Amino acid sequence: MDALVSRLISKYGSHLILERQDERIPLRALLQPMLSRQVPQRRYAPAGEVPRGRYLYMGPVVPEITEGDILIRGGRRYEIRQAELLMYGDRPVYRWAMCVEKGR
């Protein structure tokens with residue numbers, strides 16, 4: 001199971017920076033918008049509407065992420081609001097989090 005998750009993150013993940021206090025840690029993880037019918041704010045790009053608001057994070061077990069940490073991708077900042085370690089049996093497999101885009 002962990003090998004499958006690692007391949008998924010490796011193939012489809014983005015390069016992110018985890019920022020906490022005075023520390024900046026590079027990592028690779030998935031960060032995708034939560035698509036729902038209730039989008040708090042709407043933005044438009046040449047290709048159409050850009051979802052904004054909440055994002056899902058799926059990343060490696062290490063480094064640990066916690067509420068209040070910041071993820072940076074392409075100049076945009078995302079604050080972690082909820083984070084959990086997902087287990088498969090007795091082994092940790094990946095970290096999941098819900099984030100919100102900061103700024104603007």
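Definitions and cut-offs
- Residues numbered from 1 in each chain as written.
- Predicted model: local features only at pLDDT ≥ 70, side-chain atom pairs only at ≥ 80, totals over all residues.
- Heavy atoms only, no water.
- Pairing = 2+ DSSP bridges.
- Helix = DSSP H or I, 4+ residues; strand = E, 2+ residues; numbered from the N terminus.
- Axes fitted to C-alpha atoms, helices over the stretch in contact; angles between N-to-C directions.
- Phe/Tyr/Trp six-rings, centres within 6.5 Å; stacked < 30°, edge-to-face > 60°.
- Buried < 20%, exposed > 50% of the residue type's maximum accessible area, 1.4 Å probe, protein only.
- Contact = heavy atoms within 4.5 Å.
- Salt bridge = Lys/Arg side-chain N within 4 Å of Asp/Glu carboxyl O.

### Observations regarding the sheet that holds strand β8 (residues 91-101)
Note on sheets: strands pair through backbone hydrogen bonds, and any given pair is parallel or antiparallel. The six strands are arranged β1-β2-β5-β8-β7-β6 in a closed barrel whose pairing can be described as antiparallel. Ignoring strand direction, the axes of neighbouring strands in this sheet form an average angle of 45°. Here seven bridges tie strand β1 (residues 14-20) to strand β2 (residues 23-33), and the two strands are oriented antiparallel to one another. If you follow S14 over to β2, its bridge partner there is A29.

### A word on the packing of aromatic side chains
Following the criterion strictly, the structure yields one aromatic pair and no others. Aromatic side chains Y55 and Y78 sit 4.9 Å apart centroid to centroid with 65° between the ring planes, which places their arrangement in the edge-to-face category. Here the residue Y55 occupies a position in strand β5 (residues 54-59), and Y78 occupies one in strand β7 (residues 76-88), the gap between them amounting to 23 residues. In this structure, Y55 and Y78 share a single accessibility class: buried.

### Looking at unusual backbone geometry
Residue P63 is reached from V62 by a cis peptide bond, and omega for that bond is 10°. Even without a glycine there, the phi angle at Q21 is positive, about 45°. Topologically, Q21 is positioned in the loop between β1 and β2.

### What about the environment of P26?
With respect to the helices and strands, the residue P26 is situated in strand β2. In this structure, the C-alpha to C-alpha distance between P26 and I72, residues 46 residues apart in sequence, is 9.4 Å. Excluding its chain neighbours within four sequence positions, the residues that come into contact with P26 are L16 and I17.

### Description of the pairing of β2
Hairpin geometry of β1 and β2 is characterised by an intervening segment of two residues between the two adjacent antiparallel strands and by a positive phi of about 45° at Q21. Bridge analysis of β2 against β5 gives four bridges, and the strand direction is antiparallel. From the neighbouring strand, Q32 faces β5, where its bridge partner is L56.

### Digging into the pattern of salt bridges
Taken as a whole, this structure holds seven salt bridges when the rule is applied. Among the salt bridges present, the one from R76 reaches E101, with a minimum N-O distance of 3.5 Å. Taken together, the positions of R76 in strand β7 and E101 in strand β8 put the pair 25 residues apart, joining distant regions of the chain. Exposure remark for R76: the relative accessible area of 27% places this residue in the partly exposed category. Here E79 ties to R81 by a salt bridge, and the two come within 3.9 Å at their closest N and O atoms. On the basis of relative accessibility, which here comes to 45%, the residue R81 falls in the partly exposed class. Where salt bridges share partners, they join E19, R24 and R77 into one cluster.

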